[in-house]
Amino acid sequence: MADCPCTDAPLSAAERLDIVERRLGIVLMPWQRQWAMRALDGEHIVTTRARRAGWKTTLRAVKEAGHV
């Protein structure tokens, strides 16, 4: 019963993002990974930004990681 999800330690934000990157076939840029890890750790983030490539990918990764 060592593989029982109910008794295993929960995955960290970094581990969940690793899984999502493999599932989606992507590698997040450092700013994306840092932002996503903070969001997954429950930190309240206020983001002001101009158009930036990769923003939708970051949001998708956070959403997917919430289901891991």
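Refer to the structure presented above.
Note that residues are indexed from 1 along each chain, following the sequence as it is written. Reporting in this predicted model follows two pLDDT cut-offs: at least 70 for local features of residues, and 80 or more for side-chain atom pairs to be given and counted; totals over whole chains, interfaces and linings ignore these cut-offs and use all residues. Excluded from the side-chain calculation are hydrogens and water; included are all heavy atoms of the structure.

Trainee: Please clarify how helix H3 (residues 55-65) should be interpreted in this entry.
Mentor: The α-helix advances 3.6 residues per turn, and as a result positions three or four apart in sequence lie on the same side. Each residue is placed in one exposure class: buried if its accessible area under a 1.4 Å probe, protein chains only, is under 20% of its type's maximum, exposed if it is over 50%, and partly exposed if it falls in between. We count a stretch as a helix when DSSP gives it H or I for four or more residues in a row; a strand needs E for two or more, and each element gets its number in order from the N terminus. If you check which residues of H3 are buried, you get Trp-55, Thr-58, Ala-61, Val-62 and Ala-65. The buried residues of H3 occupy one face: seen down the axis, they fall within an arc of 125°. Seen from the open side of H3, the exposed residues pointing more than 90 degrees away from its buried face are Lys-56 and Lys-63. Any two residues whose heavy atoms approach within 4.5 Å are treated as being in contact. Elements that come into contact with the buried residues of H3 comprise helix H1 (13-24) and helix H2 (30-40). As used here, the arc is the angular range of directions from the helix axis to the C-beta atoms.

Trainee: Honestly, the environment of Arg-60 in this entry has me stumped. Any pointers?
Mentor: Considering the arrangement of structural elements, one finds Arg-60 in helix H3. Looking at Arg-60, the relative accessible area reads 49%, which means it is partly exposed. Separated by 40 residues in sequence, Arg-60 and Val-20 place their C-alpha atoms 9.4 Å apart.

Trainee: Looking at this model, I keep getting lost on the packing of aromatic side chains. Mind explaining?
Mentor: Each aromatic ring pair is summarised here by two numbers: the centre-to-centre distance and the angle between the ring planes. Each pair of aromatic rings taken from Phe, Tyr and Trp, with Trp reduced to its six-membered ring, is defined by centres within 6.5 Å and is described as stacked if the planes are under 30 degrees apart, edge-to-face if over 60, and tilted in the remaining cases. Summed over all chains, the structure comprises 2 aromatic pairs. Between Trp-31 and Trp-55, the ring centres sit 6.2 Å apart and the planes meet at 5°, which makes this aromatic pair stacked. Note that Trp-31 is positioned in helix H2 and Trp-55 in helix H3, a separation of 24 residues in sequence. Trp-55 shares its class with Trp-31; the two are buried.

Trainee: I keep staring at the pattern of salt bridges and nothing clicks. Help me out?
Mentor: When the charged atoms of two side chains lie near each other, side chains of opposite charge can form a pair. Criterion for a salt bridge: a side-chain nitrogen of Lys or Arg within 4 Å of a carboxyl oxygen of Asp or Glu. Applying the stated criterion across every chain yields a total of 3 salt bridges. Between Asp-18 and Arg-33 there is a salt bridge, with its nearest N and O atoms 2.7 Å apart. Of this pair, Asp-18 sits in helix H1 while Arg-33 is found in helix H2, placing the two residues 15 residues apart along the sequence. The closest approach of N and O atoms between Arg-33 and Glu-21, which form a salt bridge, is 3.3 Å. Residue Arg-33 is found in helix H2, and its partner Glu-21 is found in helix H1; the two are separated by 12 residues along the sequence.

Trainee: Would you mind showing me how to read the environment of Leu-59 here?
Mentor: Structurally, Leu-59 can be placed in helix H3. In this structure Leu-59 comes out as partly exposed when scored by relative accessible area, which is 38%. A C-alpha to C-alpha distance of 7.7 Å links Leu-59 and Ala-36, two positions 23 residues apart in sequence.

On their own, these measurements won't tell you what the molecule is for.
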